[in-house]
Amino acid sequence: MLASRPKQHVLRVLRRSHTSSSPDSSSPTPSSSPSSSWIHLRSVLLVVASSSSSSSSSSSSPISTNRGHLQSPWSRKRRKHAVQPKQWRSLFDEDGRLCDGGVKFLKKVRSGGVHPSLRAEVWTFLLGVYDLKSSKEERDDVKTKNREEYEKLRKQCQETYKLREQTTEINKICETNSNDDCTDGGEVIDPSSPKNQADSLKLDEVGDGSEIACKTESESSDSDSSEESDGTGPEKTTQESDATSSNTEGKTINPHKSESFATWQRIIRLDAIRANDEWIVYTPSQAAVDSAKAHELAESVCLKDYTHLEACRIFHAARLVSILEAYALYDSEIGYCQGMSDLLSPIISVVEDDSEAFWCFVGFMKKARHNFRLDEVGIRRQLNIVSKIIKGKDSHLYRHLEEMQAEDCFFVYRMVVVLFRRELNFEQTLCLWEVMWADQTAIRAGITKSGWGKMRLRAPPTDDLLLYAIAACVLQRRKQIIEKYSSMDEILRECNSMAGHLDVWKLLDDAHDLVVTLHDKI
């Protein structure tokens, strides 16, 4: 009989691990909100086995995958058919529209990925910033409108900086006075005056533990019910019935109930400073940023404690802060959660314009935002699908997981939350995401299985390619899981040790095979 430890024991171990971590952890304290225990657990799972993952993620040079004896048809197609600059230009007509509604374009990306020099431009289509059927003129209009909206969000962030400075100054003045009234240069600050009542109200809105309301013209969206874009910006989607907020023109966004914007800002800055430097070798232009420019941007977003970082990492951290703060206002139901910086970091490494990077992130988060809901609905759904795929493909392995009380696939939690970001190196991550986005874009554009002709006809586009890849990753290790592991935490350690040891092309091969076999059943 297998000796398995109950899942509750695993959770206790994880929580103890988190409690003993450094005091500057960016997770809220247990008393900060009713959802704090979930936030604690999420933080631990994202950083568990950090020593092994950090060693691979901090590599200073590109990691080449040695395929050895593997003869993958997907890999051969990728090496031969990645979209090249000349091919990319040939896909547009004289009005700057993608030919045949973008079908040929998506086929090429889906079968081979994108040349690095094209990513910044191609991703705006894959992530829904621009409609596949839009003309050059229409995209220019959307770009202008998007930039204006992003600048409005940034101005709101800047206002919170000013109000917080006023709060700090008033607190300092009050602390230096022994009387009940606070004075400044002999002038008594009367809290009952209309002016100071208004200032007090503003300060209350952005102080720690408070809520902030803001206005925007954008629409916060859920991804499970996306609609076709009307060509006026990132494709809009319909809110779930339980969503607590929506952004429409001229309306006020209701803030997230459990965390204040000030708390989000604090955690964003901590995570930005800690961001790894794996991207540097892949982005020479940003790696060579001027020190003065980096420090200027850092000061503009009130970034602190960054003197130990080199200029390019300061610049990167400041961009993370700028865009993540804007997103917290744009989608106030989600706000900011740890792990989101992992998803944004590759985007800003590729897309150098902050406005376009922001809208690419918005498009990405239409699917990924469910990973950061405190009610865990999105995570549970995805883990359930991974479990069904494994059960449908390998009943023997599934029974072994049941005996270990691991059939819920909790051990792949981190892969789901940050989309393999910790398990793959930088370039591999981008390749996987591009193929995944191509599938999602095809579905969003209504390009069904029949639209592909003979190109990978057997594997139709799916919204859940990531989950098939995660299941494939587990199935690749079925033998050692069955023969060597007898508890869930042993499998958890195995999953966390995969970082830097996965073959992304073999993973995609196996994922598409699973789609062919199980897509209709799942």
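The rules behind each value
- Residues numbered from 1 in each chain as written.
- Predicted model: local features only at pLDDT ≥ 70, side-chain atom pairs only at ≥ 80, totals over all residues.
- Heavy atoms only, no water.
- Helix = DSSP H or I, 4+ residues; strand = E, 2+ residues; numbered from the N terminus.
- Buried < 20%, exposed > 50% of the residue type's maximum accessible area, 1.4 Å probe, protein only.
- Contact = heavy atoms within 4.5 Å.
- Areas by Shrake-Rupley, 256 points an atom, 1.4 Å probe, with all protein chains shown as cover.
- Axes fitted to C-alpha atoms, helices over the stretch in contact; angles between N-to-C directions.
- Left-handed = near helix turned anticlockwise from the far one by under 90°.
- Nonpolar A, V, L, I, M, F, W, Y, C, P; charged D, E, K, R; others polar.
- Salt bridge = Lys/Arg side-chain N within 4 Å of Asp/Glu carboxyl O.
- Expected span 1.5 Å × (residues − 1).
- Phe/Tyr/Trp six-rings, centres within 6.5 Å; stacked < 30°, edge-to-face > 60°.
- Core = buried A, V, L, I, M, F, W, Y, C linked by side-chain atoms within 4.5 Å.
- Polar contact = N/O pair within 3.5 Å; in protein donor to acceptor, adjacent residues only side chain to side chain.
- Parallel < 35°, antiparallel > 145°, perpendicular 65-115°, else oblique.
- pLDDT = per-residue confidence, 0-100.
- Disulfide = S-S within 2.5 Å.

Trainee: It is not clear to me how the overall build of the chain should be interpreted in this structure. Could you clarify?
Mentor: Counting secondary structure elements, the chain contains 23 helices and four strands. With 522 residues in all, the chain has 53% of them scored as buried. Across the chain, the fraction of contacts at a sequence separation of at least 24, relative to all contacts at a separation of at least 6, is 77%. Here the chain displays about 23,600 Å² of accessible surface, and carbon together with sulfur accounts for 50% of that area.

Trainee: Would you explain the packing of helix H13 (residues 311–330) against helix H14 (residues 340–350) in this entry?
Mentor: How two helices pack is summed up by the angle between their axes together with the distance between the axes. Their axes nearest at 10 Å, the elements H13 and H14 cross at an angle of 120 degrees. Considering how the two elements wind past one another, H13 and H14 form a crossing that is right-handed. For the pair H13 and H14, contact is made by His316, Arg319, Leu320, Ile323, Leu324 and Tyr327 and by Met340, Ser341, Leu344, Ser345, Ile348 and Ser349, respectively. Residues belonging to the contact of H13 with H14 are distributed by class as follows: seven nonpolar, four polar and one charged.

Trainee: Help me understand the pattern of salt bridges in this model?
Mentor: When the charged atoms of two side chains with opposite charge come close together, those side chains can pair. Scanning the model with the defined rule gives 23 salt bridges in all. With a closest N to O distance of 2.5 Å, arginine 119 and glutamate 434 form a salt bridge. You can see arginine 119 sitting in helix H7 (residues 119–126) and its partner glutamate 434 sitting in helix H19 (residues 426–444), a full 315 residues away along the chain. The burial state of arginine 119 is the same as that of glutamate 434; both residues are buried. In this structure, aspartate 140 engages lysine 136 in a salt bridge whose closest nitrogen and oxygen atoms are separated by 3.0 Å. Separated by four residues within a single helix, aspartate 140 and lysine 136 lie in helix H8 (residues 136–175), roughly one turn from each other. A residue is classified by how much of its surface remains accessible, and aspartate 140, at 36% relative accessible area, is partly exposed. Ionic contacts of the salt-bridge type, sharing partners, join the residues Asp331, Glu333, Arg369, Arg373 and Asp375 into one network.

Trainee: What exactly am I supposed to notice about the environment of aspartate 464 here?
Mentor: With respect to the element layout, aspartate 464 can be found in the loop between H19 and helix H20 (465–475). Aspartate 464 gets classed as buried once you look at its relative accessible area, which sits at 15%. For aspartate 464 and glutamine 440, which are 24 residues apart along the polypeptide, the C-alpha to C-alpha distance reads 8.4 Å. For aspartate 464, the contacting residues outside a window of four places in its chain are Lys367, Arg381 and Ile385.

Trainee: Is there a simple way to think about helix H10 (residues 261–274) in this case?
Mentor: Since the α-helix turns once every 3.6 residues, residues separated by three or four places project in the same direction. Over its 14 residues, H10 extends 20 Å from the first C-alpha to the last, a length consistent with the 20 Å expected when each residue adds 1.5 Å. Counted residue by residue, H10 has eleven buried out of 14 residues, so it is predominantly covered.

Trainee: I tried to follow unusual backbone geometry on my own but got confused; where do I start?
Mentor: Where the residue is not glycine, phi is negative for most of them; where a peptide bond is considered, it is trans in most cases. Here the phi dihedral of glutamine 405 falls at roughly 55 degrees; this positive angle occurs in a residue that is not glycine. Within the secondary structure layout, glutamine 405 lies in the loop between helix H17 (395–403) and helix H18 (413–417). Judged by relative accessible area, which is 37%, glutamine 405 ranks as partly exposed. Positive phi is not limited to glycine here, since phenylalanine 420 has a value of about 70 degrees. Turning to its location among the elements, phenylalanine 420 is positioned in the loop between H18 and H19.

Trainee: What exactly am I supposed to notice about the environment of alanine 288 here?
Mentor: Inspection of the secondary structure puts alanine 288 in the loop between helix H11 (284–287) and helix H12 (291–300). According to the relative accessible area criterion, alanine 288 is exposed, its value standing at 61%. Separated by 24 residues in sequence, alanine 288 and cysteine 312 place their C-alpha atoms 6.7 Å apart.

Trainee: Would you mind showing me how to read the packing of aromatic side chains here?
Mentor: Within a pair of aromatic rings, the relevant descriptors are the distance that separates the centres and the angle that separates the planes. Within the structure shown, the criterion is met by 19 aromatic pairs. When the ring of phenylalanine 105 is compared with that of phenylalanine 125, the centres are 6.3 Å apart and the planes differ by 70 degrees; the resulting orientation is edge-to-face. In this pair, phenylalanine 105 sits in helix H6 (residues 103–112) while phenylalanine 125 sits in helix H7, placing the two residues 20 residues apart along the sequence.

Trainee: Looking at this model, I keep getting lost on helix H22 (residues 488–496). Mind explaining?
Mentor: Taking burial as the measure, the nine residues of H22 include seven buried ones, the bulk of the element. Residues of H22 that are buried: Met488, Asp489, Ile491, Leu492, Glu494, Cys495 and Asn496.

Trainee: Looking at this structure, I do not really get the nonpolar core. What am I missing?
Mentor: The tendency in soluble globular proteins is for nonpolar side chains to be buried side by side. If you look at the biggest cluster of nonpolar residues, it comprises 136 residues, and the most contacted ones within it are Phe105, Phe411, Val412 and Phe420. The dominant element in this core, judged by the number of residues it contributes, is H13, at 15 residues. Residue contacts for phenylalanine 105: discarding those within four places in its chain leaves Trp88, Leu91, Leu98, Val122, Phe125, Leu126 and Leu132.

Trainee: Any chance you could explain the side chain of glutamate 325 here in plain terms?
Mentor: Relative to the assigned elements, glutamate 325 resides in helix H13. A distance of 2.4 Å separates the side chain of glutamate 325 from the side chain of tyrosine 161, its partner in a polar contact.

Trainee: Help me understand the packing of H13 against helix H15 (residues 354–368) in this model?
Mentor: Where H13 contacts H15, the two axes come as close as 10 Å, and the packing angle between them is 50 degrees. Classified by the interaxial angle, the pair formed by H13 and H15 is oblique. The two elements H13 and H15 meet at a crossing, and its hand is right-handed. Residue-level contacts link Arg319, Ser322, Ile323, Leu324, Ala326, Tyr327 and Tyr330 of H13 to Asp354, Ala357, Phe358, Trp359, Phe361, Val362 and Met365 of H15. For the contact of H13 with H15, the class distribution of residues is eleven nonpolar, one polar and two charged.

Trainee: How should I be thinking about the environment of aspartate 131 in this particular structure?
Mentor: Residue placement: aspartate 131 occurs in the loop between H7 and H8. Sequence separation between aspartate 131 and leucine 98 is 33 residues, and the spatial gap between their C-alpha atoms is 9.7 Å.

Trainee: I'm lost on the confidence of the model for the chain in this one. Help?
Mentor: Low pLDDT means the predicted coordinates in that region are not meant to be read closely. Scored by pLDDT, the chain has a mean of 75; 64% of the residues are at 70 or more. Within the model, pLDDT remains below 50 along residues 47–80, and this stretch shows 57 contacts once partners closer than five positions in the same chain are excluded. Between residues 453–457, whose pLDDT stays under 50, and residues either more than four places distant or in other chains, the model counts seven contacts.

Trainee: I would appreciate a short explanation of the state of the cysteines in the present structure.
Mentor: Linking two cysteines covalently through their sulfur atoms gives a disulfide. On inspection of all chains with the given rule, the structure shows zero disulfides. We note that cysteine 473 lacks a disulfide partner, and the nearest cysteine sulfur, in cysteine 495, lies 6.5 Å from it.

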